[in-house]
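These are the residues of each chain, in order.
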Amino acid sequence: EGVTNAAALFAATLLAAFLLTTAPSRWLDVRCDALSLNLVVLAGVAAAVGIDWAFMAAVQVALGLMLRVLWGRAPQGSRVFQAAGVAFEWLFPCVYSVLFHWLFGQTMGKILLRIRVVAVDGGPLTLGIAVRRLLAWVLSLAALGLGHLLAAVRVDKRALHDLLAGTRVERL
């Protein structure tokens, strides 16, 4: 059931990413009085996060199935394995985000949407900047997502985590 749900979510996010990258941006650009709210930015962020979530879920399901094949159901009752599973669920997304942004400037979602994260000067991210961006991303989310909404209203389309980390997102 978990594999089926992850596959369905992955397919839906791929469809959303395809539609977002092929639809003219003028269709999704909404003007509200003095406030310009660009729905493409919000939808693109949501699609990239959804693709990344589906990728991480697929990796976790695959590893879970592999462990079940290797050890059977015996470890399920083990507190050590349960603690390791919880730690992996929290640490894997962090390590994935930091390493992919540092090494490639992109996560799987950004690769599919043809966008990447660079330093403000256009250069690649250092490991420190990638870690700072992750921590600032958590802060953006913790503030009821308002940090992410900044990207929709700012002219330079930078969210709070981009401002705090000294990064920007660019199209390829």
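Data block above holds the structure.
Throughout, residues of each chain are indexed from 1 in the direction in which the sequence is written. Residues qualify for local features only when their pLDDT is at least 70, as the model is predicted, and side-chain atom pairs are given and counted only at 80 or more; totals for whole chains, interfaces and linings, by contrast, use all residues. The basis for the side-chain values is all heavy atoms of the structure; hydrogens and waters are excluded.

Caption draft 1: Spatial organisation of the layout of surface pockets. A pocket, in this scheme, is an open set of points on a 1 Å grid over the protein atoms alone with protein on both sides within 12 Å along at least 5 of 7 lines, while a cavity is a set where a 1.4 Å probe fits but cannot get out; residues line either one if an atom lies within 4 Å of a point. Grid points are joined across faces, edges and corners, and a volume is the space filled by probe spheres set on the points. Space inside the second largest pocket adds up to approximately 680 Å³. Around the second largest pocket sit 19 residues that line it, and Gln-60, Leu-63, Gly-64, Leu-67 and Gly-85 are the ones nearest its centre. Looking at the lining of the second largest pocket, the elements with two or more residues in it are helix 2 (39-71) and helix 3 (79-104). The helix count covers DSSP runs of H or I at least four residues long, the strand count covers runs of E at least two residues long, and both are numbered beginning at the N terminus. Among the elements that take part in the lining of the second largest pocket, helix 2 stands out by supplying nine residues, more than any other.

Caption draft 2: Geometry of a nonpolar patch on the surface. Like charges within 9 Å and nonpolar side chains (Val, Leu, Ile, Met, Phe, Trp, Tyr) within 5 Å are joined into patches, using only residues over 30% in relative accessible area that form no salt bridge. What sets the accessible areas is the Shrake-Rupley method with a 1.4 Å probe; for residues, cover comes only from the shown protein chains. Just to be clear on terms, a salt bridge is a Lys or Arg side-chain nitrogen sitting within 4 Å of an Asp or Glu carboxyl oxygen. Taken together, the side chains of Leu-91, Val-95, Leu-99, Trp-102, Leu-103, Phe-104, Leu-127, Val-131 and Leu-135 define a hydrophobic patch exposed on the protein surface, amounting to about 830 Å² of accessible area. For the nonpolar patch, the secondary structure elements donating two or more residues are helix 3 and helix 5 (127-142). With six residues, helix 3 is the largest single contributor of residues to the nonpolar patch. Residue placement: Leu-135 occurs in helix 5. Relative accessibility thresholds used throughout: buried, under 20% of the residue-type maximum; exposed, over 50%; partly exposed, between the two (1.4 Å probe, protein chains only). By relative accessible area, Leu-135 is classed as exposed at 57%.

Caption draft 3: View of the environment of His-101. Here His-101 is to be found in helix 3. Residue His-101 is classed as buried on the basis of its relative accessible area, which comes to 5%. Sequence spacing of His-101 and Thr-126 is 25 residues, and the spatial spacing of their C-alpha atoms is 8.8 Å.

Caption draft 4: Geometry of unusual backbone geometry. One non-glycine residue, Arg-114, adopts positive backbone phi at about 60 degrees. Residue Arg-114 is classed as partly exposed on the basis of its relative accessible area, which comes to 43%. Phi at Lys-157 is positive, roughly 60 degrees, even though this residue is not glycine. Secondary-structure assignment places Lys-157 in the loop between helix 6 (146-153) and helix 7 (160-165).

Caption draft 5: Fine view of the side chain of Ser-140. Position of Ser-140 relative to the elements: it lies in helix 5. Polar contacts, as used here, are pairs of N or O atoms within 3.5 Å; protein pairs need one atom able to donate a hydrogen and one able to accept it. Residues neighboring in sequence count only if both atoms are side-chain atoms. A polar contact is formed between the side chain of Ser-140 and the side chain of His-161, at a distance of 3.2 Å. Only heavy atoms enter the contact rule, under which two residues are in contact if any of them lie within 4.5 Å. Setting aside its immediate chain neighbours within four residues, Ser-140 contacts Gly-145, Leu-146, Gly-147, His-148, Leu-160 and His-161.

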